[in-house]
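Examining the three-dimensional arrangement
Next come the chains, spelled out residue by residue.
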Amino acid sequence: MKHAAHKAGRGSQRQFSVSKALFASSRGGHSAKTARMVERSANGGAVVGLDDAVARKLNEITPRTRRSIRQANRAAERKSVLLASTSLATLVGTAATVMAFASPDESATSLSEASTTTTQLKRVSVDSGSTVSRSEERTALTSTDGTVSTAESTQTTNDGGWQLGAADTSLDVNQMSRSTANNQVVASLMDGDASVLPAGFNPNHATGDVGNVYEFSQCTWWVYTRRTQLGLPVGSHMGNGNMWANSARALGYWVDNTPRHVGDIIVFAAGQADSDATYGHVAIVEKINEDGSIVTSECGSVMNGQTYSRTFTAAEAGNFEYIHY
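On a predicted model such as this, the values are computed, not experimentally measured, just so you know.

**Some words on the nonpolar core**
Membership of the largest hydrophobic core comes to 19 residues, with the highest contact counts inside it found for Trp 244, Ile 265, Val 267, Val 282 and Ile 323. Every element with two or more residues in this core is listed here: α7 (219-229), α8 (244-251), β4 (265-268) and β5 (281-288). Take this core: its biggest share by element is five residues, from α7. When residues no more than four places from it in sequence are discounted, the contact partners of Ile 265 are Val 223, Arg 227, Val 234, Trp 244, Val 282, Ala 283, Ile 284, Glu 321, Tyr 322 and Ile 323. Counting residues in each nonpolar core, the second largest holds nine residues, with Val 285, Ile 294, Phe 312 and Ala 317 among its members.

**Comments concerning the sheet that holds strand β8 (residues 321-323)**
Taking strand neighbours across the sheet as the criterion, the six strands line up as β3-β8-β4-β5-β6-β7 in an open arrangement whose pairing is antiparallel. In the strand order of this sheet, the two ends are held by β3 (255-256) and β7 (311-312), each with one partner. Across two bridges, strand β6 (residues 294-297) lies against β7 in antiparallel orientation. Its bridge partner being in β7, Ile 294 is matched across the sheet by Phe 312.

**Quick look at a nonpolar patch on the surface**
Taken together, the side chains of Leu 88, Leu 91 and Val 92 present a nonpolar region at the surface, about 310 Å² in accessible area. Take Leu 88: it is sitting in helix α4 (residues 66-102). What makes Leu 88 exposed here is its relative accessible area of 52%.

**As for the confidence of the model for the chain**
On average, residues of the chain carry a pLDDT of 75, and 56% of them reach 70 or more. Below pLDDT 50 for its whole length, residues 44-48 participates in ten contacts with residues either more than four positions away or in separate chains.

**Brief notes about the pattern of salt bridges**
Inspection of the entire model under this criterion finds four salt bridges. A salt bridge links Arg 249 to Glu 321; the shortest N-O distance between them is 2.4 Å. One end of the pair, Arg 249, is in helix α8; the other, Glu 321, is in strand β8, with 72 residues separating them in the sequence.

**Description of the pairing of β6**
For a regular strand, the rule is simple: side chains alternate between the two faces of the sheet. Summarising the sheet, β5 and β6 pair through four bridges and their orientation is antiparallel. Note on β6: the bridge partner recorded for Lys 287 is Val 295. Turn length for the β5-β6 hairpin, with the two strands adjacent in sequence and antiparallel, is five residues, and the turn residue Gly 292 shows positive phi of about 95 degrees.

**Here we look at unusual backbone geometry**
Outside of glycine, negative phi angles account for most residues, and trans bonds account for most peptide bonds. Positive phi, close to 65 degrees, is recorded for Asp 274, a residue that is not glycine. Relative to the assigned elements, Asp 274 resides in the loop between β4 and β5. When its relative accessible area of 77% is taken as the criterion, Asp 274 is described as exposed. A positive phi angle, close to 55 degrees, is found at Asn 304, a residue other than glycine. Tracing the backbone shows Asn 304 in the loop between β6 and β7.

**Topic: α7**
Counting buried residues along α7, nine of its eleven residues qualify, which places the element largely inside the surrounding structure. Buried within α7 we find Cys 219, Thr 220, Trp 221, Trp 222, Val 223, Tyr 224, Thr 225, Arg 226 and Arg 227. For α7, the secondary structure elements touched by its buried residues are α8, β4, β5, β6 and β8. Looking at the residues trailing α7, positive phi occurs at Gly 231, about 80 degrees.

**A few points about the side chain of His 281**
Inspection of the secondary structure assignment puts His 281 in strand β5. The buried category is assigned to His 281, whose relative accessible area is 9%. Discounting chain neighbours no more than four positions away, the residues touching His 281 are Cys 219, Gly 241, Asn 242, Ile 266, Val 267, Phe 268, Ser 275, Glu 298, Cys 299, Tyr 308 and Arg 310.

**Here we look at a positive patch on the surface**
Residues Arg 66, Arg 67, Arg 70, Arg 74 and Arg 78 make up a contiguous surface patch of positive charge. Position of Arg 74 among the secondary structure elements: in helix α4. On the basis of relative accessible area, Arg 74 is assigned to the partly exposed category, the value being 49%.

**Structural notes on helix α6 (residues 184-192)**
Restricting attention to buried positions, one finds in α6 the residues Val 186, Ala 187 and Met 190. Angularly, the buried residues of α6 cover 100 degrees about the axis, an arc narrow enough to put them on a single face. Looking at α6, the residues exposed on the side facing more than 90 degrees away from the buried face are Gln 184 and Gly 192. Of the residues flanking the start of α6, the one acting as N-cap is Asn 183, its side-chain oxygen 2.9 Å from the backbone nitrogen of Val 185.

Reading the values: rules and limits
Residues numbered from 1 in each chain as written. Predicted model: local features only at pLDDT ≥ 70, side-chain atom pairs only at ≥ 80, totals over all residues. Heavy atoms only, no water. Core = buried A, V, L, I, M, F, W, Y, C linked by side-chain atoms within 4.5 Å. Buried < 20%, exposed > 50% of the residue type's maximum accessible area, 1.4 Å probe, protein only. Helix = DSSP H or I, 4+ residues; strand = E, 2+ residues; numbered from the N terminus. Contact = heavy atoms within 4.5 Å. Pairing = 2+ DSSP bridges. Patch = residues over 30% accessible without salt bridge, like charges linked within 9 Å, V, L, I, M, F, W, Y side chains within 5 Å. Areas by Shrake-Rupley, 256 points an atom, 1.4 Å probe, with all protein chains shown as cover. Salt bridge = Lys/Arg side-chain N within 4 Å of Asp/Glu carboxyl O. pLDDT = per-residue confidence, 0-100. Lys, Arg positive; Asp, Glu negative; His and termini not counted. Charge placed at Lys NZ, Arg CZ, Asp CG, Glu CD. Arc of directions from axis to C-beta. Polar contact = N/O pair within 3.5 Å; in protein donor to acceptor, adjacent residues only side chain to side chain.

The following block contains the structure:
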């Protein structure tokens, strides 16, 4: 005879077995029994009689089935592929943008070549009453005096070659600087002296210039000062006035007996033209007149830095030596 108590006992045992299967399965977390218990728990927890919140929490910590694991892995793979595709598309778009900004001319060229369109223009016929003419004929222009101009317009093209303006295509080398002088003032003077320059003259010779070391107000002090003002080379240790010509030759300066330019150094021998009987004298050519006479600027120890001027005739000027450059 069956009793109700036995049935109650089986129910209690079944309930205990379900709880045991959920929390401690001796056959592993993927057994069929465990899976059925999980599914029944997911349906509202009718077997174990738990609240919904507790059932959801149990579902989170319950071991998953092999099927759910496979589905989760596939979902993860699809997500990974989607992310990789999105990253690749973003990278390609960024590279295309960089290339477009890096070489806009090349992009514009390729686009224009790919979409070239040829358009044919047709002549537009205009009624005779229109103010604009598109006919083949042109009405001759009438000037204000009533005469008719018959001149026809000509079209210029870029066909042809280069030529000089004048018929004579030869170059005048005299208009070109032939000097290799580093000093631009010297280079300009040498262009005018090309026919009289000494053979083998080196315009870039040593100047001997280390600054104005001459005593203030002496003739040598003034000559150094004035030559520097004119941009011409001058030595700093040329000796007494009567020694300057030989000192200049030793350095490579052009020295002769002809005044040629403003700024030439005049060298007076000792006692010549009232110069010092022992030391001689030096001065600067400030002007060369048409008759060959020269005008000087000079200084001396008694002048306290002030200058004075003298004029020598062409005959007198030929008696001195001149340092040019």
